[in-house]
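Structural overview for review
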Amino acid sequence: MVGGGRVTLLLVLAARVAAAADAVVSFQDGVSPTAAYAGTRDTVIYSQKALCWDPNQTCDRSQLLFDGSPALEASLVRWDLSQLPTTATLTSASLDVNVRDTSVAVFKGYESLRPWVETEASWVQYAAGAPWAGDGGSDPTDHGPQLFTLALPTSGNARITFDAVTLAVLQRWVSTPAQNHGFFIAEYGTLDGLALASSEDTVLTRRPRLNLTYDPGGVAISFQNGVLPTAAYAGCTDVTIGNGPDPDRQNYNVAQNQLWGTVDPYGVLLSFDTRAVPPWASVVQARLRVYVSNAGDGTYPAYGLLRPWVETQASWGRADTNTPWQVPGADGPADHRPEPVLFLSSPAVGSRDLDFTDAGVQLAQEWVANPSTNYGVVLSSYTPFFNVVTAFQRRESAPASQRPELTLTYAEGQLGFLSVPAVVPNGVASGVMTVRRETLGGAPITTAPALSVTVSTSSATAELALDAAGPFSSTLVLSLAANAAETAPFVLRDVTAGTVTLTATPSLPAWRVGQASTVIGTVPLDLSPRSTQVQVLGFQQFVASGGAGGYRWALESNLSGGTLDSSGGYTAGAVDGVTDVVTLHDSTDAGLSASVTVTARPVPDAGPPDGGVDAGSDGGAPDGGAPDGGAPDGGSDGGGTDERPPPRYGVGCQCGATDGSGAVMMLLALAAARARRRRGCQQPRGDERRGTLLSLETNLPAPSPQDVDLELLEYLQTLTPYERLVLHQRASETSEAVRKAGAKFYGEPEPRPSPPSR
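Description of the structure in this document. (Residues numbered from 1 in each chain as written. Predicted model: local features only at pLDDT ≥ 70, side-chain atom pairs only at ≥ 80, totals over all residues. Heavy atoms only, no water.)

1. Some details on the sheet that holds strand β40 (residues 539-541)
On the basis of which strands lie adjacent, the open sheet formed by 3 strands has the order β40-β44-β43 and antiparallel pairing. Pairing within the sheet leaves two strands with one partner each, and these edge strands are β40 and β43 (563-564). Sheet topology places β40 next to strand β44 (residues 569-571); 3 bridges connect them, and they run antiparallel. If you follow Phe 539 over to β44, its bridge partner there is Thr 571. (Pairing = 2+ DSSP bridges. Helix = DSSP H or I, 4+ residues; strand = E, 2+ residues; numbered from the N terminus.)

Okay, here's the thing in structure tokens:
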């Protein structure tokens, strides 16, 4: 009925976010998204002592200052945007500021690349112990390219609308919150200063305000009697209540819902059954569509009801036959909430879409989580005097498409990562992480059906596995059992340094994709051991770590004739007294290399087997004897006594004759010459060596095979080609064991070289 009575509209509300429409949110301390928001951080940095500050002090005060002379000043500002889903797509953005001191200069805004701390940032550092690359954040590594300008010659409120470049930076902050270091705003080349109200300003509405319009994604569901979500839906109820002739009993359940603010006002009660939305879901947007059949001249807010009512019994004075309203018209503090959740204002005839406020979205969330508290809304404005009634179609109206329709956009929840390490060492499997399903507010969900989750990474070289033993793959499919909040644990491994984004993609679209970031840290390439000594033909295992993986081994210097396998296993060659160099490189070849020096040497000797002492000190005579009477067979030389312990088999830094009681001793005398040379002793001349070799003809008892194999074989490699030939010839005349040892080491006889000249 159109006419004198007042109408109250009761709406069932759902949360705010819809695939069909963008949402708008603002971030301003103490104001928005709610009065509890305190996510703004801002501060000023000074180049020199000014006011009460110096370059090493922080300045977190009620104004943001910018100047170029005489004291350089810049400001940093950042908003916590984490309440937005990481999958939200920004469509526009702007910044509202309040100008406290105007300037004719133009100041430039940049993306800060440093994780500055509000209470620690100063001219010389962005956080305690972390200096700017350039004082005042002036280095290109401190901030990105210019994004926007502040040209503010007029005091008061001002708005800066961001372009697509700045919007892309904001989008990255939403998608990857760890990269949100806010804005760096400065112009050090100007002579004029600018001052803006900061987040500490005592007037809340003067504080910096970041405005974002976005498509938050999600699943949309609509409720309309006889139409949506199916033709069987009948969950919408509505009624007009008015202060008429019998206000306690008059029920205006007629053809139209009517709103009027007059002496006899009307209001409308409206509700929707929203139980089709899972109770664990997060509502992100709510929208009411009504079909206005009579265009009025008033503005009517809607408020969330706090008590139940009956469509066929509700009246101006009562919620049902037996229950009065606290205040007639459902207008008392015990009847409805104080915050408006939507507004119907001066409508024209036709379909009207009414978006819910932030308070309305929160109310809708409560209805979804606790359906028993869903009493809808009352739409009314009783005090003003409006000349024309506003009317819209009821739940029974025809055609059905003109009936009230509520659309909720929601996510059953979001996927989050737990225990993600801040830094993953390069090439090392790290974790252990899990994926958790949770509300958009971050609370775990333990009442949902089973869900499959696929984890992937932004790095082409990253691999995932259930544990460090593998197997590893580029993606990993995990299961969330019914009523389980977390998946099984898993680990990440990557050989490419940089920031890696982990993405958890659900098998059902009502769950939001989850993302988390970690840094693959380049651990310096290391090689162990860095230096070692290995016996000839001995083995050493080298171990690589750090770097970028993909290790490659090589022998940069191979004087011993050694070998090196692909795992770092080194085997020394037959030549001692030399240095081999083992090198290691990783897959980047970016200077991450290390080397190790390997020295192959004989085993230190302890002395001759028969305990003889070499007392000589002046070198052997040309015929092999000692100048002072020492015997050529290595007997005691009375020319003096060396206090050092006698070397085993005469191989030490002693230059006299050796004690030899057999062919093996004489053969080892040849090795002694080489050992002396290496140890800095005076060397015998060539004829002295030949004299020693000739003495083999008269002193050739057969050595044991053990002596030959274990001792002689290690020292034969020290001989010259001439010495080898003589040895080979003489050895063939002594014993089968010696001949076999020589053949084993040298193979076939070498061509006889010309003897050295005398």
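Now that the structure has been shown, the text picks up again.
2. Quick word on the environment of Ala 574
With respect to the helices, strands and loops of the structure, Ala 574 is situated in the loop between β44 and β45 (578-585). For Ala 574, a relative accessible area of 27% corresponds to the partly exposed category. Separated by 39 residues in sequence, Ala 574 and Gln 535 place their C-alpha atoms 9.1 Å apart. (Buried < 20%, exposed > 50% of the residue type's maximum accessible area, 1.4 Å probe, protein only.)

3. Looking at the side chain of Glu 73
For Glu 73, the location among the structural elements is in strand β5 (residues 73-79). Those residues in contact with Glu 73, other than ones at most four positions away along the chain, are Ile 45, Tyr 46, Leu 65, Phe 66, Asp 67 and Tyr 188. (Contact = heavy atoms within 4.5 Å.)

4. Considering unusual backbone geometry
The residue after Ala 398, namely Pro 399, is reached through a cis peptide bond having omega 0 degrees. Here Pro 399 shows up in the loop between β26 (390-393) and β27 (405-411). Residue Val 432 follows Gly 431 across a cis peptide bond; omega there is 5 degrees. When you line up the elements, Val 432 lands in strand β30 (residues 430-438).

5. Description of the nonpolar core
In a soluble, globular protein the nonpolar side chains are often hidden away together inside. Membership of the largest hydrophobic core comes to 37 residues, with the highest contact counts inside it found for Trp 79, Leu 150, Phe 162, Leu 170, Phe 183, Leu 196 and Leu 212. When sequence neighbours within four positions are dropped, the list of residues in contact with Leu 150 reads Ala 105, Val 106, Phe 107, Ile 160, Ile 185, Leu 194 and Leu 196. Membership of the second largest hydrophobic core comes to 36 residues, among which are Leu 270, Tyr 300, Leu 342 and Leu 354. (Core = buried A, V, L, I, M, F, W, Y, C linked by side-chain atoms within 4.5 Å.)

6. Remarks on the side chain of Glu 405
If you trace the backbone, Glu 405 turns up in strand β27. This buried residue, Glu 405, is left without a salt bridge; Arg 289 holds the nearest opposite charge, at 4.3 Å. Apart from residues no more than four positions distant in its own chain, Glu 405 is found in contact with Ser 222, Phe 223, Gln 224, Leu 228, Phe 272, Arg 287, Leu 288 and Arg 289. (Lys, Arg positive; Asp, Glu negative; His and termini not counted. Salt bridge = Lys/Arg side-chain N within 4 Å of Asp/Glu carboxyl O.)

7. A few points about helix α2 (residues 358-369)
When the terminal C-alpha atoms of α2 are compared, their 17 Å separation across 12 residues agrees well with the 16 Å that a helix rising 1.5 Å per residue should span. Within α2 the residues assigned to the buried category are Gly 360, Val 361, Leu 363, Ala 364, Gln 365, Trp 367 and Val 368. Tucked into the core, α2 has its buried residues touching β19 (282-294), β20 (299-305), β23 (336-345) and β25 (377-379). (Expected span 1.5 Å × (residues − 1).)

8. Regarding the packing of aromatic side chains
For the structure on display, the rule yields 16 aromatic pairs. Seen from their ring centres, Phe 66 and Phe 107 are 5.8 Å apart, and the 45 degrees between their planes marks the pair as tilted. With Phe 66 in strand β4 (residues 63-66) and Phe 107 in strand β7 (residues 106-112), this residue pair connects regions lying 41 residues apart in the sequence. Judged by relative accessible area, Phe 66 falls into the buried class, the value being 1%. (Phe/Tyr/Trp six-rings, centres within 6.5 Å; stacked < 30°, edge-to-face > 60°.)

9. A short note on the sheet that holds strand β35 (residues 498-506)
Spatially, 5 strands are ordered β29-β37-β35-β31-β33 in an open sheet, and the strand pairing comes out mixed. Among the strands making up the open sheet, the edge pair consists of β29 (423-425) and β33 (476-480). On average, each strand axis in the sheet is inclined to that of its neighbour by 30 degrees, with strand direction left out of account. Judged from the 5 bridges that link them, strand β31 (residues 451-457) and β33 form a sheet pairing that is antiparallel. Following the sheet pairing, Thr 454 is matched in β33 by Val 477. (Axes fitted to C-alpha atoms, helices over the stretch in contact; angles between N-to-C directions.)

10. Re the environment of Glu 120
Along the chain, Glu 120 turns up in the loop between β7 and β8 (125-127). Polar side-chain contacts of Glu 120 include one of 2.9 Å to the backbone nitrogen of Ala 128. (Polar contact = N/O pair within 3.5 Å; in protein donor to acceptor, adjacent residues only side chain to side chain.)

11. Considerations on the pattern of salt bridges
Here the structure, examined in full by the defined rule, presents 18 salt bridges. The closest approach of N and O atoms between Arg 206 and Asp 201, which form a salt bridge, is 3.0 Å. In this structure, Glu 311 engages Arg 395 in a salt bridge whose closest nitrogen and oxygen atoms are separated by 2.6 Å. Residue Glu 311 is found in the loop between β20 and β21 (318-320), and its partner Arg 395 is found in the loop between β26 and β27; the two are separated by 84 residues along the sequence. Residue classification places Glu 311 among the buried residues on the basis of a relative accessible area of 10%. A relative accessible area of 21% places Arg 395 in the partly exposed class.

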